[in-house]
Structure formats: C-alpha cells, structure tokens
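Chain by chain, the residues run as shown.
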Amino acid sequence: MTKRLVNRLQPSKLIILTLLGFVLSWVVSCGSGNVATQTSQSNSNSQEIEFWTMQLQPEFTDFFNQKIQTFEKENPGMKVNWVDVPWSAMESKILTSVAAKTAPDVVNLNPDFASVLAGRNAWLTLDNKISPEVRSTYLPNIWQASTLDGKSFGIPWYLTTRVTICNSDLLKQAGVAKPPATYAELAQVAKQVKEKTGKYAFFATFVPEDSSEVLQSFVQMGVTLVDDKGKAAFNTAAGKAAFQYWVDLYKQELLPQESLTQGHRHGIEMYQAGETALLGTGAEFLKTISTNAPEIAKVSAVAPEITGTTGKKNVAVMNLVIPKDSDRPDAAIKFALFVTNSDNQLAFAKAANVLPSTIPALADSYFKSVPTGDKSEMDRARVVSASQLKQAEVLIPAMENINVLKRAIYENLQAAMLGEKTVDVAIADAAKEWDAKAGK
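Residues numbered from 1 in each chain as written. Predicted model: local features only at pLDDT ≥ 70, side-chain atom pairs only at ≥ 80, totals over all residues. Heavy atoms only, no water.

The name that an unreviewed UniProt entry assigns to the protein is Sugar ABC transporter substrate-binding protein, with the source organism given as Scytonema millei VB511283.

In structure tokens:
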C-alpha cells in the first residue's frame, strides 16, 4: 500500500479518515486553480465526463487509464476526463466549483465531507436513479453511510476497517498475554505497560480538528450522540461513563500529555519509535511501518479493533458523488457504477490493499483466508480487516455541523482532563454548546 493512499484513509493533521475512519476537517479556502478551468472547458462537450479523484496518481495512473479505456470502448461516444486532485486541495476545489456551478460530473469524496454539501443540496439524489437490484449488490450498512435525511447522495467505493497493530515485545515485557479487545481491557493493559516498561500502551488525540477516534469510542461504548431531532443525546449515564473513562486515563498519566495538543500523526510516530505498544489504524499501514521502522515491523502483529460493550467496529468509506448541476447525470451515474462494480472494486482492492464495498467482491477468497506458504502479517491483517465488516459501520452518521459537535465534546473533555471542570459540568456544557451552535 502506498504511503499516499494510506494517508487518505488514516486520520491525521495532514488528512482526514478515515479507513482507517476517519472525519475530514473541511477547509473553506478559495481558489479554483486549474481544475475548475478544466471543468469549464469539459462542460462544452456534452459527451465528456469530468471525473475527480483524490491523490491516486501516479501510483494508480495505469490502473485507472485502463479502466477508463474499457469504459469508453463499451460506451462509444463517451469520453472521461480524469483529474486527480491533491488531498489537501480537494475540499477547497470542490467547494469553489460547486458554488460556481462548474463542478465535475463524478467526484471521489468521503461521506463525512460529502454530507456537508449534501445538506446544501449540492449532490444528485440517487434513490430514483439506481435500481434496487443494483443497489442490493452493495453492503447495506456501507450504502447507509452516504445518506442524509433518508436520501442517498453517494455510491460506496473502497473501505478500510481499523485494526490494532501490536508491539509484541512491549506487551511481553508488560506481562500482557493477548492484546486488549475492549476499552475495559485497554485500561488495564495501559496500567501494566506503564508500570512494567515506563512507556504508554497507546496514544489518542483530543484535538478537535484531528481524528474522530475518541468520538467514535463513545458510540462503541453505547452513547447516542444526537437524537432524531438533532439535539444532544449524550448527557446520559453512558455519556458520563465515556467522559469519565478518558478523564481517568489522562489523570492517571496513562495517556501522553501530547494527547491534548498533537494529532494522530504523533501517535503513529510514537508507535514507530517503539514508545507505544498499540496503534489503531488501517491494516494497510503495516507496509508503511515496515518502510519507516523495520525493526518495529518485525515485532508487530495484528489484532481486531478495540471496541466497547456494543461490539461495533468502525469502517472508513470512500464514495463517489454526482453534483446536482451536472449536465450529464445519467452518463455520470453510469460511469460511477462502472468504477464501483464488483469486478472493478475487487481489482482495485487487490492493487491498493483496501476493501471493496460490494457483496460479490468481498466474497472472494482473497479476503477469506491467508495463503499457504510464506504468510505475511499483511495477509493476516487483510483477513482480520475484512472479517470485521459484518460488525462495521460508519460510527459517526452523516450530519451537518459534525465539526461543531466534535469541538464541543473534545474541548469540554479536555477541560475535565485538566481539572477545570467536573465530568458532570463538562458533559452538560458540551450538550448546551452543541444545541446552541447547531441551532437546535
């Protein structure tokens, strides 16, 4: 798996998700650049479909050029203009192009950011455009991730589920026989690792602009974030227990102090430096560890994602959306369904070490068993990751102002960690802030 594609799915300051999972921080900077110019030119040709992806070149240039050639051959008269946009530029580019009504015909985003514009009616509603038969080929829980207010705004593409990468040497030194499976077990392991090695079991970030992993942990612990009217629903016994869990870990010095100031990228660096025993990330990240920290890679093993009492696992989703103002929506849908059909998803999943979002592709033996012979940890990670899809869902549902919710919870959680507020006051203040800022 290439470092670029890994970064697209892992939550960090430089990205986000991801699948690993991950929530995008939406940048509202201006400037359409060359992409908007190309789109304007392509709109003069009714047979040309403008297709934007995020940072897939040059690693997958040949792959997509071949797929585009196949599509054009099967659909005479149609042409696809593929534009690959850097991850850091995509949000500002698409916001600008949607506002100027010069958006491309098919766009690669993720449900978190796409839902922001879905709330502004920017995307084509797909429910009456895609047959139930075709829709049924996609994993139902994954399709649901690209819906808002009961309307489908995106077609699922590729996925990652989070796994736990473990430093087996550190766990052995701490007397930990097996990796933790639940947050309750994680707290105990955190104490053992700190007492026996002086290091940390793991890193979690509470920076609002960064990873949503802590917010996702609330859902895994049985917390309902918002009710069906969009009002805060987390000021409950379960919500207080989740707040208390993270506050206790910090006050007991079982979390690095940098958790309040540094993002997920810092956690990756700590694991690669041998300073933490566990890393929650996408299975494909093992290849990056082997490149950046070969000695750590030698002692790294894979375990399922840590979860709470619900047993829920997180999945990071990439999707394709069709702007409502596209001049050729039917052709755009046809191409999006071509890119995401089972055959093409299986091929891309193998090329990129990700997971497909269609049921037939996921049924392939490639995701079911580890090959005989030279079994790598990457092979085992792929099987573990795929096996979790039955329990996986996008833990933070598509909603407007998700960044407001995360900031309200994270900032008040930090205040409780630092002893500036009690847990009861912090969670009550977070609920009030969400209801006020979200206009509820």
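From this point, the discussion proceeds with the structure in view.
Colleague: Help me out: how do you make sense of the overall build of the protein in this one?
Modeller: Counting secondary structure elements, the protein contains 20 helices and 10 strands. Considering the protein as a whole, with its 440 residues, one finds that 58% of them fall into the buried category. Carbon and sulfur atoms make up 49% of the accessible area of the protein, which totals about 17,700 Å². (Helix = DSSP H or I, 4+ residues; strand = E, 2+ residues; numbered from the N terminus. Buried < 20%, exposed > 50% of the residue type's maximum accessible area, 1.4 Å probe, protein only. Areas by Shrake-Rupley, 256 points an atom, 1.4 Å probe, with all protein chains shown as cover.)

Colleague: How do you make sense of helix H10 (residues 213-220) when you look at a structure like this?
Modeller: Summarising burial for H10: 7 of the 8 residues are buried, a large majority. When H10 is considered as a whole, its buried residues turn out to be Val 214, Leu 215, Gln 216, Ser 217, Phe 218, Val 219 and Gln 220. In the segment just after H10, Gly 222 is the residue with positive phi, at about 95°.

Colleague: When you look at the side chain of Ser 342 in this model, what are you seeing that I'm missing?
Modeller: With respect to the helices, strands and loops of the structure, Ser 342 is situated in helix H16 (residues 342-352). Residue class for Ser 342 comes out buried when judged on its relative accessible area of 19%. Among the polar contacts listed, one links the side chain of Ser 342 to the side chain of Thr 358, at a separation of 2.9 Å. (Polar contact = N/O pair within 3.5 Å; in protein donor to acceptor, adjacent residues only side chain to side chain.)

Colleague: I would appreciate a short explanation of the pattern of salt bridges in the present structure.
Modeller: One side chain can pair with another of opposite charge once the charged atoms of both are near each other. Tallied over the entire structure, the rule returns 13 salt bridges. Residue Glu 377 pairs with Arg 380 through a salt bridge whose shortest N-O separation is 3.1 Å. On the criterion of helical spacing, the pair formed by Glu 377 and Arg 380 is a turn pair, its members being 3 residues apart in helix H18 (residues 377-387). Residue Glu 377 is classed as partly exposed on the basis of its relative accessible area of 22%. Look at Arg 380 and you get partly exposed, because its relative accessible area is 34%. (Salt bridge = Lys/Arg side-chain N within 4 Å of Asp/Glu carboxyl O.)

Colleague: What exactly am I supposed to notice about the nonpolar core here?
Modeller: Across soluble globular proteins, you tend to see nonpolar side chains buried next to one another. In this structure, Ile 94, Val 106, Trp 123, Phe 335 and Phe 348 are the most contacted members of the largest nonpolar core, which totals 73 residues. Counting residues per element, this core draws most heavily on helix H15 (residues 329-339), which supplies 7 residues. Phe 335 has contacts with Ile 49, Phe 51, Ile 68, Phe 71, Val 80 and Val 106, leaving out every residue within four places of it along the chain. The next biggest cluster of nonpolar side chains, apart from the first, holds 55 residues, and it includes Val 189, Phe 243, Tyr 250 and Leu 395. (Core = buried A, V, L, I, M, F, W, Y, C linked by side-chain atoms within 4.5 Å. Contact = heavy atoms within 4.5 Å.)

Colleague: What am I meant to see in the packing of aromatic side chains here?
Modeller: A complete count under the given rule lists 22 aromatic pairs for this structure. Centre to centre, the rings of Phe 51 and Phe 335 are 5.0 Å apart; their planes meet at 75°, and the pair counts as edge-to-face. With a gap of 284 residues between them, Phe 51 in strand E1 (residues 48-54) and Phe 335 in helix H15 connect regions that are remote in the sequence. There is no split in this pair, since Phe 51 and Phe 335 are both buried. Between Tyr 183 and Trp 246, the ring centres sit 6.2 Å apart and the planes meet at 70°, which makes this aromatic pair edge-to-face. Of this pair, Tyr 183 sits in helix H9 (residues 183-197) while Trp 246 sits in helix H11 (residues 237-251), and the two are 63 residues apart along the sequence. Here the aromatic cluster, defined as three or more aromatic residues joined through ring pairs, consists of Phe 60, Phe 63, Phe 64, Trp 82, Trp 157, Tyr 158 and Phe 348. Looking at Lys 350, its charged tip hangs above the ring of Tyr 366, at a distance of 5.3 Å from the centre. Positioned over the ring face of Tyr 366 is Arg 382, at 3.8 Å from the centre of the ring. (Phe/Tyr/Trp six-rings, centres within 6.5 Å; stacked < 30°, edge-to-face > 60°. Lys NZ or Arg CZ within 6 Å of the ring centre and 35° of its normal.)

Colleague: Please explain the packing of H10 against H11 as it appears in this structure.
Modeller: Angle between the axes and distance between the axes: these two values describe a pair of packed helices. Look at H10 against H11: their axes get within 9 Å of each other, and the N-to-C directions meet at 135°. Here H10 is positioned oblique relative to H11, judged by the angle of their axes. Between H10 and H11 the crossing geometry is right-handed. Contacts from Val 214, Ser 217 and Phe 218 in H10 reach Ala 242, Phe 243 and Trp 246 in H11. Among the residues making up the contact of H10 with H11, the classes are represented as 5 nonpolar, 1 polar and no charged. (Axes fitted to C-alpha atoms, helices over the stretch in contact; angles between N-to-C directions. Parallel < 35°, antiparallel > 145°, perpendicular 65-115°, else oblique. Left-handed = near helix turned anticlockwise from the far one by under 90°. Nonpolar A, V, L, I, M, F, W, Y, C, P; charged D, E, K, R; others polar.)

Colleague: Honestly, the environment of His 266 in this entry has me stumped. Any pointers?
Modeller: Following the sequence through the fold, His 266 ends up in helix H12 (residues 264-272). Through-space distance from the C-alpha of His 266 to that of Thr 205 is 8.8 Å; in sequence the pair is 61 residues apart. Apart from residues no more than four positions distant in its own chain, His 266 is found in contact with Phe 203 and Glu 258.

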